[in-house]
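One letter stands for each residue in the lines below.
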Amino acid sequence: MTATIALVDDDRNILTSVSIALQAEGFLTRVYADSEAALKALLENPADLAIFDIKMPRMDGLELLRRLREKSAMPVIFLTSKDDELDEALGLAMGADDYIAKPFSQRLLIARVRAILRRTEAILPTGEAEAAAKPLERGRLAMDPARHRTTWDGQAVTLTVTEFLILETLAQRPGIVKTRNQLMDAAYQDDIYVDDRTIDSHIKRVRRKFRQIDPEFDAIETLYGAGYRFSEE
């Protein structure tokens, strides 16, 4: 099935060039120069993945992501200003799956898009793969890869694709320490480099989501200098 990519940017030149590049790779595209119109459209008719610019008038990309995350776990890639670490950190903390600094090569963007879509397919399998994707239960945690569903004490926790894969990797082997590199390998494929801050930001956001349900949540442990592990208890 052909994936649909939504592009949100107030720069129409970027919208046009990126849309043409994605269509040349076989993707369907929907473009929005206005973030408020994009939010309404994406909530009514979600895309398979969205690409947001951060610097936009009226509603910037960070606010667009915040409002989208209230109702959707749609994968999102941020386009940030070069070397703007604050934008990157905020975007990851708010639930972005990846970010690319401007100016960027279209080849890099397409590689990131394909990598995230493959990760989405890995936790949303179909047919025989769906039958093989068995639910995972670890104490109060339950994860169903076939439905991309996570619960804690029976209450739903909405995770992005990246967050789901990181948590699943930790929960598969409770008590075993996973380094940041191992978590990167689980969540980011195709030799795409991300730094330690990216994984740390995703972990912080996962913890925050669970603590909205259970303020005492401490199942994800940090071992400073080593990595993270899921509690055996």
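Residues numbered from 1 in each chain as written. Predicted model: local features only at pLDDT ≥ 70, side-chain atom pairs only at ≥ 80, totals over all residues. Heavy atoms only, no water.

In the nomenclature of an unreviewed UniProt entry, the chain corresponds to Response regulator transcription factor from the organism Sphingomonas longa.

Engineer: An account of the sheet that holds strand 2 (residues 28-32) is needed here, citing residue identities and associated values.
Structural biologist: Strand pairing in a sheet relies on backbone hydrogen bonds. The paired strands run either parallel or antiparallel. The strand order 2-1-3-4-5 describes an open sheet built from 5 strands, whose pairing is parallel. Looking at strand neighbours, the two that pair on one side only are strand 2 and strand 5 (98-101), the edges of this open sheet. Strand after strand, the sheet turns through a mean of 20° between neighbouring axes, direction not considered. Contacting strand 1 (4-8), strand 3 (49-53) and strand 4 (76-80), helix 3 (residues 61-69) crosses the sheet at an angle of about 165° to strand 4. (Pairing = 2+ DSSP bridges. Helix = DSSP H or I, 4+ residues; strand = E, 2+ residues; numbered from the N terminus. Axes fitted to C-alpha atoms, helices over the stretch in contact; angles between N-to-C directions. Contact = heavy atoms within 4.5 Å.)

Engineer: Describe unusual backbone geometry, naming the residues involved and giving the relevant values.
Structural biologist: The backbone of R58 sits at a positive phi, close to 65°, despite the residue not being glycine. Here R58 is to be found in the loop between strand 3 and helix 3. Owing to a relative accessible area of 64%, R58 belongs among the exposed residues under this scheme. A positive phi is found at D153, a non-glycine position, where the angle reads about 55°. (Buried < 20%, exposed > 50% of the residue type's maximum accessible area, 1.4 Å probe, protein only.)

Engineer: Provide a residue-level description of the nonpolar core, including the pertinent values.
Structural biologist: Residues L141, L167, L170, F210, I220 and F230 are the most contacted members of the largest nonpolar core, which totals 23 residues. A total of 5 residues in this core trace back to one element, the largest contributor, which is helix 7 (residues 161-172). Setting aside chain neighbours within four positions, we find L170 in contact with K178, L183, I203, I220, Y228, R229 and F230. (Core = buried A, V, L, I, M, F, W, Y, C linked by side-chain atoms within 4.5 Å.)

Engineer: Could you give an account of the sheet that holds strand 8 (residues 149-152), with specific residues and numbers?
Structural biologist: Spatially, 4 strands are ordered 6-7-8-9 in an open sheet, and the strand pairing comes out antiparallel. Since the sheet does not close on itself, it has two edges, and those belong to strand 6 (136-138) and strand 9 (155-156), each with one partner. As judged from the 4 bridges shared by strand 7 (residues 141-144) and strand 8, these two strands associate in the antiparallel manner. Opposite L141, over in strand 8, you have W152 as the bridge partner. Running at roughly 120° to strand 7, helix 7 makes contact with strand 6, strand 7 and strand 8 of the sheet.

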